[in-house]
Amino acid sequence: MINNINILIPEIFLALSIFSLVMIGVFIKQSYNLVTKLCLLSLFFTAYLIFSSDNNVAKAFLDSFVRDPYTNFIKILILIASIFVLNSSQMFIKENNIAKFEYPVIIMLAILGMFFMISANDIILFYLGLELQSLSLYILAAIDRDNIQSNESGIKYFVLSALSSGLLLYGCSLLYGFTGSTNFDVISNQLNSENTGAIFAMVFILVGLAFKISAVPFHMWTPDVYQGSPTSVTSFFAIAPKVAGLAVLIRFMQVPFSNIINEWQTIIVFISIASMILGAVAAIGQKNIKRLMAYSSIGHIGYALAGVATGTISGYSSSIVYITIYVVMNIGMFSCIFLMKKDGKYTDQIKDLSGISKKHPILSLSFLIILFSLAGIPPLGGFFAKFYIFMAVIENGMYTLAIIGLLSTVISAFYYLKIIKIIYFDELEKPLDEVKNFNIISTILLSCIILITFFLYPSFLNNIVNFIFI
Amino acid sequence: MNFPILSSIIFLPLLGSLFIFLSKSKNNQSVISISLFTSVANFFLCLFLWYSFDRNFVGFQFIEESDWISGLIKFKLGIDGISILFIVLTSFIIPICIISCVNSIKERLNEFLIAILILETFMIGVFCSLDLVVFYLFFEAGLIPMFLIIGVWGGPNRVYSAFKFFLYTLLGSVLMLVAIIAIFWITGTTDVTQIYEIKIPKEFQYLLWLAFFSSFAVKMPMWPVHTWLPDAHVEAPTAGSVILAAILLKMAGYGFLRFSIPMFPVASEYFVPLIYILSITAIIYTSLVALMQDDMKKLIAYSSVAHMGYVTLGIFTFTKQGLEGGIFQMISHGLISAALFLCVGVIYDRLHSRKISTYGGLVNYMPRYSLIFIIFVLAGLGLPGTSGFLGEFLVLVGAFQRNYLVAILASIGVVLGAAYMLWLAKRVIFGETINPEIKKLRDVNFSEGFILFLLAFVTILFGFYPQPLIDTMSVSVNHLINNYQVDLIHHLTIQK
């Protein structure tokens, strides 16, 4: 039964380090700094463990846990993203009195949940991982205890997310009932389009997953939670759970639901189009940059789902490429937001950026690059992300989806341009505080350099991603 | 030829801008010298390219190819007799813009120069690329610096104009992106030279042509999607207007020549009436609109739309004269409109007004300026002896071979063009001096005089001696027409 336990070594190591970090946090006072450093170290080491492990497909625990190149890639992506987010948000956390040792520990727990979710080859393990992740995220959203907004967002997230988990669980039980197994491979063999009950189950599971990745029409929680949570938490929300959710969605489409592609394809096409359009239109009126990023992330998930909607390997890999570039852009964007500080206070109002290009040329240039990249303007990285998605979409003859998607990029370009307009064209009212923080600045620099130089070798990511799907 | 001359021409300005960015020099003089040095060096490289260009060679020369997107798409560059002219034009206009900045840009000069140099990279890239995706990359990337040039250094209504410019162009282009990807899946390649040989099936051509057309029509700009142009021109700083009029608009005409016509011959033939109607409307309607303008930049902007009408008309006659006329008109419009915007810039820098009614009687106080201005006004209305004449003339010759009615209507535009141009000169240069401030104006200084004289010299040179241009493009144009006719016959025989 415990054959192949070695494929769990990264997870086991991560779990053990979580326990030991909790101990350190309990017995040493004021240990935020120490715990964060150790946390970064153990995340780094976990990434190393995954990186150095074999890349062949292996299963453990009665085939309920799977490790293959796909899971390894997603895990490393999540780890690297989390390391950057944690690293660049340290200053924000300390200055906002949320520097508790629980913070990095909960993030690690969320990551552990994601790992199990991604590697799950069984509905039960999938659900357990998902819940571990979600519970950690609820706590994270409300971690700023004395801030009413943070509490509100935590509660809101919890209530809505619990509802979606319920739907998901209902779908899982239906799936078990109609296929007789909880194992993905068995379900995949049992499922066909005549099995109406299982198709119902698929719809419920899809709803639950769409909620987790905040795709329209299950996106309502996103703007409030993004705005209410502390920025450091928002930056984590915008990145890691999205990657994990999308990865699981692709796994579901690829393994258990691979025989009912015609049934789910329509649904994915619809939520993809809805997300792209809503993300583009609703962001226009936003005044708060975190809220704007929430809508922007909804839109971006729409594009990633367009790749999933093709139901082909090329579509899935384009989605993974898309989400990877999205991660790079969002890490850069949130690092820039960490530098928005006026009179010693952090601000998230877009109007506070007005005219800062005169006083902060480098920060403004970073904003410019990242925003144009988010808008998908060549030659920046964001363009290639969209390009691959639409290559896959058009390859499968889904012209309507491609045209709607590309037209909504024009709409979304408008609100990205609006921020650039505020930064570059408006008059300077009051400059931001000079913040010299090596962690943040190096993160921004790295993200901008990746986005600018992406066009030199644009197939770099594709080569890796093509390899993980074999 | 092993030396990658096209890549060097494309990336040299980028290198220059990087140098300015890293040097962080606050000294305007040194920043200008760096950028001027880069762009002039690039111009000489382009002249060398033109010199070593084999004008009797059919097809593309100086081809550079390297693997780009994992075996699917190659980063392919190459030029023929048509693109070389636009490359030389671009590299000629950019140093002029940089010199003109000395007088007109007062703040954040080094950022402005960085934007201009990056823009030069993208523009030359457009004219060099032989792959649809590479072309799209450069075509769209040019939006970013231009958006900033209009928005940061523009006039009072700059935000509206910058947004309009960006969104209009982007909206047109995304459909082109769909078409490019569709072509990739239809033919299996985005390499232009291969697509020429593969021959896209007829049933796809119409939609693909329309998708490309939506992008080029906005960029050209053709009536009725031209409305962004007057706004953008009015608000952009002088150098921005010059680049916009001289080069950015030419990308669309070039796009028709390079992509629409050779790749979709059947659709091109099918949509000729559409192009004629839009071109004629542009020529007559925008000329009438130009007559009524009180803003000099707006007037020139509308005249640009009219002139571009001749270009599309000429290109879609598919005759040797028409095509050569269209290309010649693009080059000459590049020179003349650039010069006219510079002329407006000269007096705008002094009085900060673009209104025609502010001026009058300049001839008494700025004689040298008035002389140059009159030369360009005459060139703009197509006086024989200037390059403006030859383009329009050849286009009309081409049009007469296809359709009398169209040619006659287009000829009306020539008269209207003369009307608004001469009236502009009359109101600005001659007449009574009502505004007392005009008496205090000083005449053009050395740098202004130098660039305007240079442009005037080239305009008149090509007016009397157009042979270098015609010789360079002739073989490529013949090749284009031959291929076009062969393709048409090929598709017709398949039909039968």
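These numbers come from a predicted model, not from an experiment.

Here is what the cut-offs are and how they apply
Residues numbered from 1 in each chain as written. Chains lettered and ligands numbered in written order. Predicted model: local features only at pLDDT ≥ 70, side-chain atom pairs only at ≥ 80, totals over all residues. Helix = DSSP H or I, 4+ residues; strand = E, 2+ residues; numbered from the N terminus. Rg over C-alpha atoms; globule rule 2.2 N^0.38 Å. Contact = placed C-beta atoms within 7 Å. Nonpolar A, V, L, I, M, F, W, Y, C, P; charged D, E, K, R; others polar. Core = buried A, V, L, I, M, F, W, Y, C linked by C-beta atoms within 7 Å. Buried ≥ 20, exposed ≤ 12 C-beta atoms within 10 Å, placed from the backbone. Expected span 1.5 Å × (residues − 1). Axes fitted to C-alpha atoms, helices over the stretch in contact; angles between N-to-C directions. Parallel < 35°, antiparallel > 145°, perpendicular 65-115°, else oblique. Left-handed = near helix turned anticlockwise from the far one by under 90°. Arc of directions from axis to C-beta.

Draft legend 1. Fine view of the overall build of chain B. Check the secondary structure of chain B and you find 20 helices and 2 strands. A compact globule built from 496 residues should have a C-alpha radius of gyration of about 23 Å, and chain B, at 22 Å, falls within 12% of that. Considering only contacts within chain B whose residues lie at least 6 apart along the sequence, 80% involve residues at least 24 apart.

Draft legend 2. Up close: the overall build of chain A. Scanning chain A for helices and strands turns up 19 helices and 4 strands. Relative to the globule expectation of 23 Å for 470 residues, the C-alpha radius of gyration of chain A, 21 Å, shows essentially globular dimensions. Overall size of chain A, expressed as C-alpha extent along the three principal axes, is 65 × 60 × 40 Å.

Draft legend 3. Structural detail: the interface of chain A and chain B. Taken together, the contact between chain A and chain B spans 25 residues of the former and 25 residues of the latter. Broken down by secondary-structure element, the contributors of at least two residues to the side of chain A that touches chain B are α16 (381-395), α17 (399-424) and α19 (460-468) of chain A. When residues in the side of chain A that touches chain B are grouped by element, the largest group, 11 residues, is from α17 of chain A. Residues of the side of chain A that touches chain B, tallied by class, amount to 19 nonpolar, 4 polar and 2 charged.

Draft legend 4. Quick peek at the nonpolar core. If you look at the biggest cluster of nonpolar residues, it comprises 368 residues, and the most contacted ones within it are V243 of chain A together with I93, V178 and A338 of chain B. Not counting residues up to four positions away in its chain, the partners in contact with A338 of chain B are I93, I96, V242, A245, A246 and L455 of chain B.

Draft legend 5. The arrangement of helix α16 (residues 367-380) of chain B in detail. Residues and elements named next belong to chain B. Here α16 contains 14 residues, and its C-alpha end-to-end distance of 20 Å stays within 8% of the 20 Å for a straight helix at 1.5 Å per residue. Burial analysis of α16 places 10 of its 14 residues in the buried class, the great majority of the element. Turning to α16, its buried residues are Y369, S370, I372, F373, I375, F376, V377, L378, A379 and G380. Those residues of α16 that are buried lie in contact with α14 (296-315), α15 (320-351), α17 (387-402), α18 (404-428) and α19 (446-464). G382 sits one or two positions beyond α16 and adopts a positive phi of about 85°.

Draft legend 6. Examining the environment of A58 of chain A more closely. All names here are of chain A. Within the secondary structure, A58 sits in strand β1 (residues 58-60). On the basis of neighbour counts, which here come to 16 C-beta atoms within 10 Å, the residue A58 falls in the partly exposed class. Sequence separation between A58 and I7 is 51 residues; the distance between their C-alpha atoms is 7.3 Å. Apart from residues no more than four positions distant in its own chain, A58 is found in contact with N4, I7 and R67.

Draft legend 7. Layout of the packing of helix α14 (residues 313-338) of chain A against α16 of chain A. Residue and element names in this part refer to chain A. Running from amino to carboxyl end, α14 crosses α16 at an angle of 165°, the nearest separation of the two axes being 9 Å. On the basis of their axis angle, the class for α14 and α16 is roughly antiparallel. Note that α14 runs across α16; the crossing there is left-handed. Contacts from S314, G315, S318, V321, Y322, I325, Y326, V328 and M329 in α14 reach G381, G382, A385, Y388, I389, M391, A392 and E395 in α16.

Draft legend 8. Seen up close, unusual backbone geometry. With omega at 5°, the peptide bond leading from V216 of chain A into P217 of chain A counts as cis. Of note, P217 of chain A is situated in the loop between α8 (196-212) and α9 (221-228). In the segment running from W223 of chain B into P224 of chain B, the intervening peptide bond is cis, with an omega of 5°. Position of P224 of chain B among the secondary structure elements: in the loop between α9 (202-219) and α10 (228-235). Positive phi, normally seen in glycine, also occurs at F62 of chain B, with a value near 55°.

Draft legend 9. Structural view of α19 of chain B. All names here are of chain B. Compared with the 27 Å implied by 1.5 Å per residue over 19 residues, the 27 Å span of α19 between its first and last C-alpha is a close match. For α19, every residue scored as buried is listed here: E448, I451, L452, L455, T459 and F462. All buried residues of α19 fall inside an arc of 100° around its axis, so they share one side. Residues F446, F457 and F464 are exposed on α19 and point more than 90 degrees away from its buried face.

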